[in-house]
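What follows is each chain in one-letter form.
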Amino acid sequence: MTGRAIIPPGTPTPIAPFSPAMMADNVIYVSGTLPFDEKNNVVHVGDAAAQARHVLETIKAVLEAAGSSLADVTFNHIFLTDWANYAAINAVYAEYFPGEKPARYCVQCGLVKPEALVEIASIAHKR
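As the structure is a prediction and not an experimental result, all values here were calculated from the model. (Residues numbered from 1 in each chain as written. Predicted model: local features only at pLDDT ≥ 70, side-chain atom pairs only at ≥ 80, totals over all residues. Heavy atoms only, no water.)

Colleague: What should I look at first to understand helix H1 (residues 48-65) in this one?
Modeller: In an α-helix there are 3.6 residues to a turn, and that puts residues three or four apart on one side. Across its 18 residues, H1 extends 26 Å between first and last C-alpha, which sits within 8% of the 26 Å expected from 1.5 Å per residue. Among the residues making up H1, those that are buried are Ala48, Ala50, Gln51, Ala52, Val55, Leu56, Ile59, Val62 and Leu63. Two or three places before Ala49, at the opening of H1, Asp47 has a side-chain oxygen 3.2 Å from that residue's backbone nitrogen. Just downstream of H1 lies Gly67, where phi reads positive at about 80 degrees. (Helix = DSSP H or I, 4+ residues; strand = E, 2+ residues; numbered from the N terminus. Expected span 1.5 Å × (residues − 1). Buried < 20%, exposed > 50% of the residue type's maximum accessible area, 1.4 Å probe, protein only. Polar contact = N/O pair within 3.5 Å; in protein donor to acceptor, adjacent residues only side chain to side chain.)

Set out below in structure tokens:
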């Protein structure tokens, strides 16, 4: 493998075989991030905005562990379980990306735990 794993201090053991992120050639690929606590339980059950905030804070911590930030994000992959949560998730998303917005796509789908309402994966180019 040509990259290096990015694992922030205190990161729980993932529920599947993956790293929170990988960096190769100053590009950081953040794995799909769910609204999990340190024991991989879903937090803020039923609150899409709070789950989105938790996910974006987790992504922010992963990027900071790689010496990067949300300002370096160029692409986000967003997965949500119900289009009814789209506006709430977008409102929180806009807080975390206030300037030029990264490219992205958003797909409705089932997630690994039924209580999870949103998952986001990111790509950042470290400056």
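Colleague: Quick question: what am I supposed to make of the pattern of salt bridges here?
Modeller: Enumeration according to the criterion identifies 2 salt bridges in this entry. A salt bridge links Glu95 to Arg53, with the shortest nitrogen-to-oxygen separation between them at 2.8 Å. Linking Glu95 in helix H2 (residues 86-96) with Arg53 in helix H1, this pair joins segments that are 42 residues apart in sequence. Classification of Glu95 by relative accessible area gives partly exposed; the value is 48%. (Salt bridge = Lys/Arg side-chain N within 4 Å of Asp/Glu carboxyl O.)

Colleague: Honestly, a nonpolar patch on the surface in this entry has me stumped. Any pointers?
Modeller: A cluster of nonpolar side chains, namely Ile15, Phe18 and Val112, defines an oily patch on the protein surface of about 260 Å² accessible area. For Phe18, a relative accessible area of 38% gives the class partly exposed. (Patch = residues over 30% accessible without salt bridge, like charges linked within 9 Å, V, L, I, M, F, W, Y side chains within 5 Å. Areas by Shrake-Rupley, 256 points an atom, 1.4 Å probe, with all protein chains shown as cover.)

Colleague: Could you clarify how one ought to interpret unusual backbone geometry in this entry?
Modeller: The phi angle of most residues is negative, glycine excepted, and most peptide bonds adopt the trans form. Located in the positive-phi region is Asp25, a residue other than glycine, with phi close to 50 degrees. Take Asp25: its relative accessible area is 78%, and that puts it in the exposed class.

Colleague: What is the right way to read the side chain of Glu119 from this model?
Modeller: On the secondary structure map, Glu119 appears in strand S6 (residues 118-125). Here Glu119 is buried and forms no salt bridge, its nearest opposite-charge partner Lys113 lying at an N-O distance of 12 Å. (Lys, Arg positive; Asp, Glu negative; His and termini not counted.)

Colleague: Would you mind going over the packing of aromatic side chains with me for this structure?
Modeller: Geometry of an aromatic ring pair is reported as the spacing of the ring centres plus the angle between the planes. The tally for this structure, following the rule as stated, stands at 4 aromatic pairs. Aromatic side chains Phe79 and Tyr105 sit 6.2 Å apart centroid to centroid with 85 degrees between the ring planes, which places their arrangement in the edge-to-face category. Here the residue Phe79 occupies a position in strand S4 (residues 73-80), and Tyr105 occupies one in strand S5 (residues 103-108), the gap between them amounting to 26 residues. Members of the aromatic cluster, joined through ring pairs, are Phe75, Phe79 and Tyr105. (Phe/Tyr/Trp six-rings, centres within 6.5 Å; stacked < 30°, edge-to-face > 60°.)

Colleague: Got a minute to help me understand the environment of Asn41 in this structure?
Modeller: Within the element layout of this structure, Asn41 appears in the loop between strand S3 (27-33) and H1. Between the alpha carbons of Asn41 and Ala116 there is a distance of 9.4 Å; along the sequence they are 75 residues apart.

Colleague: Would you mind going over the packing of H1 against H2 with me for this structure?
Modeller: Between two packed helices, what matters for the description is the angle formed by their axes and the separation of those axes. Where H1 meets H2, the closest approach of the two axes is 8 Å, and the angle between their N-to-C directions is 35 degrees. Crossing angle aside, the handedness with which H1 passes H2 is right-handed. Along its contact with H1, which presents Ala48, Ala49, Ala52, Arg53, Leu56 and Glu57, the element H2 presents Ala88, Ile89, Val92, Tyr93, Glu95 and Tyr96. Partitioning the contact of H1 with H2 into residue classes produces 9 nonpolar, no polar and 3 charged. (Axes fitted to C-alpha atoms, helices over the stretch in contact; angles between N-to-C directions. Left-handed = near helix turned anticlockwise from the far one by under 90°. Contact = heavy atoms within 4.5 Å. Nonpolar A, V, L, I, M, F, W, Y, C, P; charged D, E, K, R; others polar.)

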